[in-house]
Amino acid sequence: MRILYILWLRQVKRFFRAKSRIVGAVGQPLLFLVALGYGIGSVYARAGQGSYLDFLVPGIMAQTVLFSAMFYGAMIMFDKQFGFLKETLVAPVSRFKIMFGGAVGGATTATLQGLLVFVISLCLGFRPEHWALVPVAIVILGLLAVAIASFSSGIGSFVQDMQGFQAINQFLVFPLYFLSGALYPLQHVPNWLRIVAECNPMSYAVDAMRDVLIGQTHFGLAKDLIVLGVTVVTLVIFGSYRFRHIEV
Amino acid sequence: MSSPTIKLEHVTKRFGKVTAVNDVSFEVEKGELFALLGPNGAGKSTTIKMLTTLLKPTEGKLTLASHDVMKAQDKARKSFGIVFQDPSVDTEMTAYENMELHAALYSIKGNETKNRIRTLLEMVELWDRRDTLVKNYSGGMKRRLEIARGLLHHPHVLFLDEPTLGLDTQTRNLLWQYVRDMSREEGMTVFFTTHYLEEAEMVADRIGIIDHGKLIALGTSKELTKLTGTKTLEQAYLELTGKTVRDEAADPHEAWAARHRSRMMR
Ligand SMILES: Nc1ncnc2c1ncn2[C@@H]1O[C@H](COP(=O)(O)OP(=O)(O)O)[C@@H](O)[C@H]1O
Ligand SMILES: [Mg+2]
């Protein structure tokens, strides 16, 4: 427990020490909320869909968690490049603990950023349907964060440099985001896009958030949570498997 | 005599077509200070990485403090401390935090941890700077921190891979003084590599010379000069390994790290 705690603490401390990461954590989602929320909002309302900002907030929260939890993989890659990884790999600690302790730390900071977006949204006029369900939304964000952080540690284990990591982001994480239901409702999209979105686990996390926060759902909360649970388990296994085979 | 603290039996490591370590066998006794010398790319770091569980040998058996390095990995890991050739501290944390993390990884008891960290940081003269982020440390300070960290869990064996590279003479002398004191106090075995032959001559009880992955000589400094009919260890070393210049390891990580370091020093 102490080992998991210290590895968790390291991620959290490093996050709060990196000023640029905190600025980025607020800046990017704020831009999305303002530009999309107000830019597309009027068209959305005219199409009789209600408030686009309300629709968007759960998606942007999930997006924030997605992108910032991916950063944990970059940390592993930096630890490899700057040598710190060797310190943990020769310690009498299972590699699973090393990977998972850090991943939970990365997930914690990602979830905090997701919450920050929630607070910003409140300032922009967003209101959750039931305040009592906000803790449930936090749990959903946390699960998503653990899944993505584990996934990214698997990526960080075999990617050699920042360029490689960026490439993965471009070809994997962006599609995961844009092809989920984060930005648009899945009811009215072309069939092919709906099928793609239905195969994308990210859609289910977004849908769960939306159900809990504004009472709109495409798949139903039960299905969302099952898919999310399976995704978490699968990605933790993937991450620890890749991490076990890391070479320094 | 008790069983040796370090034992290699017919150890070979191949990277694809490159044989980095080739059928190497030798032993190091408890409390001994042992130097492994050799040109760049000879296989020194690879030998240390195998002994410290970072690399699996292609063939052969390694034993550390009576534990089979492959089969009893965690016991073997508890028994050594290491200072790697390349830096391995977290530069975004303070010296104290680096030490605390190490103490947790090695399950050192909470009440013992504080005293031990203090003793060691005082020894390497970093106690006053314990709350400074390591990125603001000089190369020598980082090295001293790594030594203190390597000693934190009372290891039976301390591995030092070119620990004094790029350090000034004062720091080098201090560093060997700490290491020798600890070895004497705790009966700790020391296994190190260096390119400074006078260091090996001064510090090591016995010296092994490795070239192209093969152990080509083993003995005290006196035995090696006698063997080659030379006067100094340096002459003996050149006699044994030849005079051609070797390229630095072509390992991508190390090349990257080396480039990065030279950039940061500018
Ligand atoms: N990860 C690796 N992949 C491929 N070749 C490697 C790797 N690590 C070391 N080598 C090669 O193995 C040989 C021995 O390297 P090393 O043990 O680092 O030498 P030394 O520490 O004695 O300078 C070199 O030829 C080096 O290029
Ligand atoms: Mg080396």
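Fair warning: this is a prediction, and the values are worked out from it, not measured in the lab.

(A) Representation of the site of ligand 1 in the model. All names here are of chain B. Neighbouring ligand 1 are 12 residues, the closest being G41, G43, K44, S45 and T46. The separation between an oxygen atom of ligand 1 and a polar side-chain atom of S45 is 2.8 Å. Elements with a minimum of two residues in the shell around ligand 1: β2 (18-28) and α1 (44-51). By residue number, the principal contributor to the shell around ligand 1 is α1, which donates 3 residues. Of the residues that constitute the shell around ligand 1, the class distribution is 6 nonpolar, 5 polar and 1 charged.

(B) Highlighting the nonpolar core. Residues L121, F159 and F191 of chain B are the most contacted members of the largest nonpolar core, which totals 149 residues. Considering every element that reaches this core, the biggest residue donor is helix α4 (residues 52-82) of chain A, with 18 residues. Excluding its chain neighbours within four sequence positions, the residues that come into contact with L121 of chain B are Y96, M99, L126, W127, R130, L145 and A148 of chain B. Core analysis: the next-biggest nonpolar cluster, separate from the first, contains 6 residues, L186, V189, Y204 and F219 of chain A among them.

(C) Up close: the pairing of strand β8 (residues 189-193) of chain B. Residue and element names in this part refer to chain B. Counting buried positions along β8 yields 5 of 5 residues, so the element is predominantly enclosed. Here β8 shows a buried face lined by T189, F191 and T193 and a second buried face lined by V190 and F192. As defined by bridge partners, strand β3 (residues 33-37) adjoins β8 across 4 bridges and the pair is classed as parallel. If you follow A35 over to β8, its bridge partner there is F192. With 5 bridges joining them, strand β7 (residues 157-161) and β8 adopt parallel strand pairing.

(D) Spatial organisation of the pattern of salt bridges. If you walk through the whole model with that rule in mind, you get 17 salt bridges over all chains. Measuring nitrogen to oxygen at the nearest pair gives 2.9 Å for the salt bridge that ties K13 of chain A to E97 of chain B. Of the two residues, K13 of chain A is situated in helix α1 (residues 2-17) and E97 of chain B in helix α3 (residues 95-105); the pairing between them involves two chains. Using a relative accessible area of 10% as the deciding quantity, one classes E97 of chain B as buried. Here E87 of chain A and R149 of chain B are joined by a salt bridge, their closest N and O atoms 3.3 Å apart. A residue pair is termed interchain when its members come from two chains, as with E87 of chain A in helix α5 (residues 84-89) and R149 of chain B in helix α5 (residues 139-151).

(E) Region of the structure containing the sheet that holds strand β6 (residues 80-83) of chain B. Residue and element names in this part refer to chain B. Strand order across the open sheet formed by 6 strands is β6-β7-β8-β3-β9-β10, with mixed pairing between neighbours. For this open sheet the edge positions go to β6 and β10 (214-219), each flanked by a neighbour on one side alone. Here the strands of the sheet are splayed against their neighbours by 15° on average, with no regard to which way each runs. Docked against the sheet, helix α9 (residues 233-241) engages β3, β9 (206-211) and β10, running at close to 30° with respect to β9.

(F) Here's a closer look at the sheet that holds strand β5 (residues 67-68) of chain B. Residues and elements named next belong to chain B. Pairing is antiparallel across the open sheet formed by 4 strands, whose spatial order is β2-β1-β4-β5. The open sheet is flanked by β2 and β5, the only strands paired with a single partner. α1 rests against β1 (6-15), β2 and β4 (59-64) of the sheet, and its axis sits at about 115° to β1.

(G) A look at the packing of helix α2 (residues 19-39) of chain A against α4 of chain A. All names here are of chain A. At a minimum axis separation of 10 Å, α2 and α4 run at an interaxial angle of 150°. The angle between α2 and α4 places the two elements in the roughly antiparallel class. The chirality of how α2 crosses α4 is right-handed. Residues R21, Q28, P29, F32, L33, L36 and G37 of α2 touch α4, and the partners they reach there are Y52, L53, L56, V57, I60, Q63, T64, F67, F71 and M75. When its residues are assigned to classes, the contact of α2 with α4 shows 12 nonpolar, 4 polar and 1 charged.

(H) Representation of the interface of chain A and chain B within the structure. Facing 24 residues of chain A, the contacting portion of chain B comprises 38 residues. Interface area for chain A against chain B, summed over the two sides, is near 2800 Å², with a carbon-plus-sulfur share of 59%. Of all residues in chain A, the largest losses of buried area upon contact with chain B belong to E87, V90 and P92 of chain A, amounting jointly to 24% of the total for that side. Between R10 of chain A and D90 of chain B there is a salt bridge, with the nearest N and O atoms lying 2.5 Å from each other. Applying the counting rule to chain A against chain B returns 9 residue pairs in polar contact (both at pLDDT 80 or more). Put simply, the parts of the chain that give the side of chain A that touches chain B at least two residues each are α1, α4 and α5 of chain A. Examining the composition of the side of chain A that touches chain B, we find that 8 residues originate from one element, α1 of chain A, more than from any other. Here the side of chain A that touches chain B is built from residues that sort into 11 nonpolar, 4 polar and 9 charged.

The rules we used
- Residues numbered from 1 in each chain as written.
- Chains lettered and ligands numbered in written order.
- Predicted model: local features only at pLDDT ≥ 70, side-chain atom pairs only at ≥ 80, totals over all residues.
- Heavy atoms only, no water.
- Near = heavy atom within 4 Å.
- Polar contact = N/O pair within 3.5 Å; in protein donor to acceptor, adjacent residues only side chain to side chain.
- Helix = DSSP H or I, 4+ residues; strand = E, 2+ residues; numbered from the N terminus.
- Nonpolar A, V, L, I, M, F, W, Y, C, P; charged D, E, K, R; others polar.
- Core = buried A, V, L, I, M, F, W, Y, C linked by side-chain atoms within 4.5 Å.
- Buried < 20%, exposed > 50% of the residue type's maximum accessible area, 1.4 Å probe, protein only.
- Contact = heavy atoms within 4.5 Å.
- Pairing = 2+ DSSP bridges.
- Salt bridge = Lys/Arg side-chain N within 4 Å of Asp/Glu carboxyl O.
- Axes fitted to C-alpha atoms, helices over the stretch in contact; angles between N-to-C directions.
- Parallel < 35°, antiparallel > 145°, perpendicular 65-115°, else oblique.
- Left-handed = near helix turned anticlockwise from the far one by under 90°.
- Buried area = accessible area lost by both parts, 1.4 Å probe.

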